[in-house]
Amino acid sequence: MTSTAAAPPPPRAYRRLSVEERRAQLLVAALGLFAHRAPDEVSLDEVAVAAGVSRPLVYRYFPGGRQQLYEAALGSAADELKLCFTEPPVGPPTERVARVLDRYLRFVDEHDTGFSALLRGGSVVETSRTTTIVDGVRRAAAEEILSHLGRIGGAGGRGAGPRLRMMVRSWIAAVEAASLIWLDEGKQPPAAELRGWLVDHLIALLAATAATDEEAAAVVRDLLALETPDGPAGRLAELVIPVVAEAAHLLPQATAAD
């Protein structure tokens, strides 16, 4: 009598990973752990288990231990975060910034605990190298935002002046702070609402800077020419202009007329 039991499936062929593939595998596993726990709480044993390899293999690729692995994972995450700020120069500038922030907040959401630990500092694995990596992301983000404002550095480009550059970098710092508060508040308000609020902040900072800086004023004129009534700038103008009109009595002409 023959058995009707199904034959077991043939064993899967083992494929040896290249050095680059194995290193990438370990970084993915490490990033998955660092995303949801502070880096000094993650052990190499856990990284090995997450990657399905032995602990000695992790050391073979990262002989400097957790510190080296964290810095490599941080560099990989930094490259991914920089890509969040890369946006083709198509459409109104504020709509481009909104798309950038959508990607940025999605990254924050997916790497919540690790993102918070990274920006707050104080980790035992924090070094001058990790600080340099993080600062590099901030500078890259500022350059991308300046490019959407029509100010691009480099040969032949219109480099931004000190006031405009300071304004953009201050806004980047505000975005970071808002992201941390958002995580503390249980990711409330919804990400889309936070994104709209941050775009409004950028517009408001531009307008305030334009009042005393001719370069910023030129940027605002160029930006408004590209905006649409139903875009972020148009919606903000509709809400703010009636409020600002209430301050007409503060103008010198109004005082003289009285």
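Criteria and thresholds
Residues numbered from 1 in each chain as written. Predicted model: local features only at pLDDT ≥ 70, side-chain atom pairs only at ≥ 80, totals over all residues. Heavy atoms only, no water. Helix = DSSP H or I, 4+ residues; strand = E, 2+ residues; numbered from the N terminus. Areas by Shrake-Rupley, 256 points an atom, 1.4 Å probe, with all protein chains shown as cover. Salt bridge = Lys/Arg side-chain N within 4 Å of Asp/Glu carboxyl O. Buried < 20%, exposed > 50% of the residue type's maximum accessible area, 1.4 Å probe, protein only. Expected span 1.5 Å × (residues − 1). Bend = angle between axes of the 7 residues up to and from the residue. Contact = heavy atoms within 4.5 Å. Phe/Tyr/Trp six-rings, centres within 6.5 Å; stacked < 30°, edge-to-face > 60°. Core = buried A, V, L, I, M, F, W, Y, C linked by side-chain atoms within 4.5 Å. pLDDT = per-residue confidence, 0-100. Axes fitted to C-alpha atoms, helices over the stretch in contact; angles between N-to-C directions. Parallel < 35°, antiparallel > 145°, perpendicular 65-115°, else oblique. Left-handed = near helix turned anticlockwise from the far one by under 90°. Nonpolar A, V, L, I, M, F, W, Y, C, P; charged D, E, K, R; others polar.

**Student:** Explain the overall build of the protein chain to me, using residue names and the numbers behind them.
**Tutor:** For the protein chain, the helix and strand inventory stands at 12 helices and 0 strands. Along the protein chain, helices (α) and strands (β) appear in the sequence α-α-α-α-α-α-α-α-α-α-α-α when read from the amino end. Accessible surface, the protein chain as shown: approximately 14,900 Å² in total, 60% of it carbon and sulfur.

**Student:** Quick one: what's the story with the pattern of salt bridges, residue by residue and with numbers?
**Tutor:** Applying the stated rule across the entire model yields 12 salt bridges. Linking Glu87 and Arg103 is a salt bridge whose minimum nitrogen-to-oxygen distance equals 2.9 Å. One end of the pair, Glu87, is in the loop between α4 (65–84) and α5 (93–110); the other, Arg103, is in helix α5, with 16 residues separating them in the sequence. By relative accessible area, Glu87 is classed as buried at 12%. Across the pair Glu215 and Arg151 runs a salt bridge whose closest N-O atoms are separated by 3.1 Å. Pair noted here: Glu215 is in helix α10 (residues 214–226) and Arg151 is in the loop between α7 (128–148) and α8 (162–184), with a separation of 64 residues, a long-range link. For the pair formed by Glu215 and Arg151, the shared burial category is buried. Beyond isolated ion pairs, a larger network of salt bridges with shared partners links Glu87, Arg99 and Arg103.

**Student:** Mind laying out helix α11 (residues 232–245), listing which residues take part and the relevant values?
**Tutor:** Compared with an ideal rise of 1.5 Å per residue, which puts 14 residues at 20 Å, α11 spans 20 Å between its outermost C-alpha atoms and is within 8% of the ideal. At Leu239, α11 shows its strongest bend, of approximately 30°, with the proline Pro242 following within four residues. Every buried residue of α11 is accounted for by Pro232, Ala233, Gly234 and Leu236. Among the structural elements, α5 and α9 (191–210) are those in contact with the buried residues of α11.

**Student:** Which residues make up the packing of aromatic side chains, and what are the values?
**Tutor:** Following the criterion strictly, the structure yields 2 aromatic pairs and no others. On the basis of an interplanar angle of 80° and a centroid distance of 5.1 Å, the ring pair of Phe34 and Tyr70 is categorised as edge-to-face. Here Tyr70 lies in helix α4 and Phe34 lies in helix α1 (residues 19–34), a separation of 36 residues in the sequence. Like Tyr70, Phe34 is buried. Taken together, a centroid distance of 5.7 Å and an interplanar angle of 55° make the contact between Phe85 and Tyr104 tilted. Remark: Tyr104 occurs in helix α5 and Phe85 occurs in the loop between α4 and α5; sequence separation between them is 19 residues. This pair shows no difference in class: Phe85 is buried, exactly as Tyr104 is.

**Student:** Outline the side chain of His111, supporting the account with residue identities and numerical values.
**Tutor:** When you line up the elements, His111 lands in the loop between α5 and α6 (112–120). Under the relative-accessibility criterion, His111 is labelled buried at 13%. Those residues in contact with His111, other than ones at most four positions away along the chain, are Ala35 and Glu80.

**Student:** With reference to specific residues and values, describe the nonpolar core.
**Tutor:** By size, the foremost hydrophobic cluster in this structure holds 68 residues, and its most contacted members are Leu69, Tyr104, Ile145, Leu164, Trp171 and Leu206. Looking at this core element by element, the count peaks at 10 residues for α8. Not counting the four nearest positions on each side in its chain, Ile145 is found in contact with Val97, Val168, Trp171, Ile172 and Leu202.

**Student:** Describe the confidence of the model for the protein chain, and please don't skip the residues or the numbers.
**Tutor:** Mean pLDDT for the protein chain: 84, with 86% of residues reaching 70 or above. Per-element mean pLDDT across the protein chain ranges from 59 in helix α12 (residues 252–257) up to 96 in α9. Below a pLDDT of 50 lies the segment residues 10–14, which in the model reaches 1 contact outside its immediate sequence neighbourhood of four places, other chains included.

**Student:** Let's hear about the packing of α8 against α9: which residues, and what values?
**Tutor:** Where α8 contacts α9, the axes come no closer than 10 Å and their chain directions differ by 155°. Taken together, the axes of α8 and α9 lie roughly antiparallel to each other. In the packing of α8 onto α9, the handedness of the crossing is right-handed. Counting all contacts with α8, which are made through Arg163, Leu164, Met167, Trp171, Val175, Ala178 and Trp182, the residues of α9 involved are Ala191, Leu194, Trp197, Leu198, His201, Leu202, Leu205, Leu206 and Thr209. Considering only residue class, the contact of α8 with α9 consists of 13 nonpolar, 2 polar and 1 charged.

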